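Descriptive structure summary
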Amino acid sequence: MRNGRLGQAQPPVRKTYSIIVFFVGPYRMGIEAGALKEIRHSRRQTANEAGNAAIVSSHALFGIATGKEERLLVLRPGRAAVRVDRVDRMIETRAILPLPRAFQGVERDWYSGLVYEGEFIFPILNPQMICREGERLEAEALAAQAVPETLVTVEASL
């Protein structure tokens, strides 16, 4: 390809996104692969046992009835993780579509866009919001440990 007298023009660079596709109940979702440190079996570990500051339940997060939550997606830098039912596969796409106007309020924070793959369109989770939710859960756990429970005995008078 020739570009005037300056020499060869460089072909345009096409960016691709690697997306991990997973399920929460019957719903398909995705997260950018670069945002994950690792994927583990859940084994119902606590955050301390798993080596994380907090583990977020995807079912509680999205208000979906309790499911299997067999996989644990550990986010970079590794302080938070999210439990999901199953990991389907990893795909590569050239575009993450912007959210439509129907997504309003907190939905616009939780999702960073939509991916069209084959016959399916599914939302891409914003990993920063999962980290924020993990930090909130961690702060609640620390506050609960800091306040010792006191038992109050009440004597009945006759």
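Residues numbered from 1 in each chain as written. Predicted model: local features only at pLDDT ≥ 70, side-chain atom pairs only at ≥ 80, totals over all residues. Heavy atoms only, no water.

Further remarks concern unusual backbone geometry. Outside of glycine, negative phi angles account for most residues, and trans bonds account for most peptide bonds. One non-glycine residue, E69, adopts positive backbone phi at about 50°. Tracing the backbone through its elements, the reader meets E69 in the loop between α2 (58–62) and β5 (71–75). Residue classification places E69 among the buried residues on the basis of a relative accessible area of 5%. (Helix = DSSP H or I, 4+ residues; strand = E, 2+ residues; numbered from the N terminus. Buried < 20%, exposed > 50% of the residue type's maximum accessible area, 1.4 Å probe, protein only.)

The four strands lie next to each other as β3-β5-β6-β4, forming an open sheet whose pairing is mixed. Every interior strand has two partners, whereas the edge strands, β3 (36–41) and β4 (54–57), have only one. When the angles between neighbouring strand axes are averaged without regard to direction, this sheet yields 25°. (Pairing = 2+ DSSP bridges. Axes fitted to C-alpha atoms, helices over the stretch in contact; angles between N-to-C directions.)

A few words on the nonpolar core. Across soluble globular proteins, nonpolar side chains have a tendency to be buried as a group. If you look at the biggest cluster of nonpolar residues, it comprises 20 residues, and the most contacted ones within it are F22, I31, L73, Y111 and I130. The element best represented in this core is strand β1 (residues 17–24), accounting for three residues. Among residues more than four places away in sequence, those in contact with I31 are S18, I19, I20, F22, L36, L73, L75, I124, L125, P127 and I130. (Core = buried A, V, L, I, M, F, W, Y, C linked by side-chain atoms within 4.5 Å. Contact = heavy atoms within 4.5 Å.)

Relative to the helices and strands, L75 is located in strand β5. Between the C-alpha atoms of L75 and Q128, which are 53 residues apart in sequence, the distance is 9.3 Å. Ignoring sequence-local partners within four residues, the contact set of L75 consists of I31, A35, L36, K37, A80, P127, I130 and C131.

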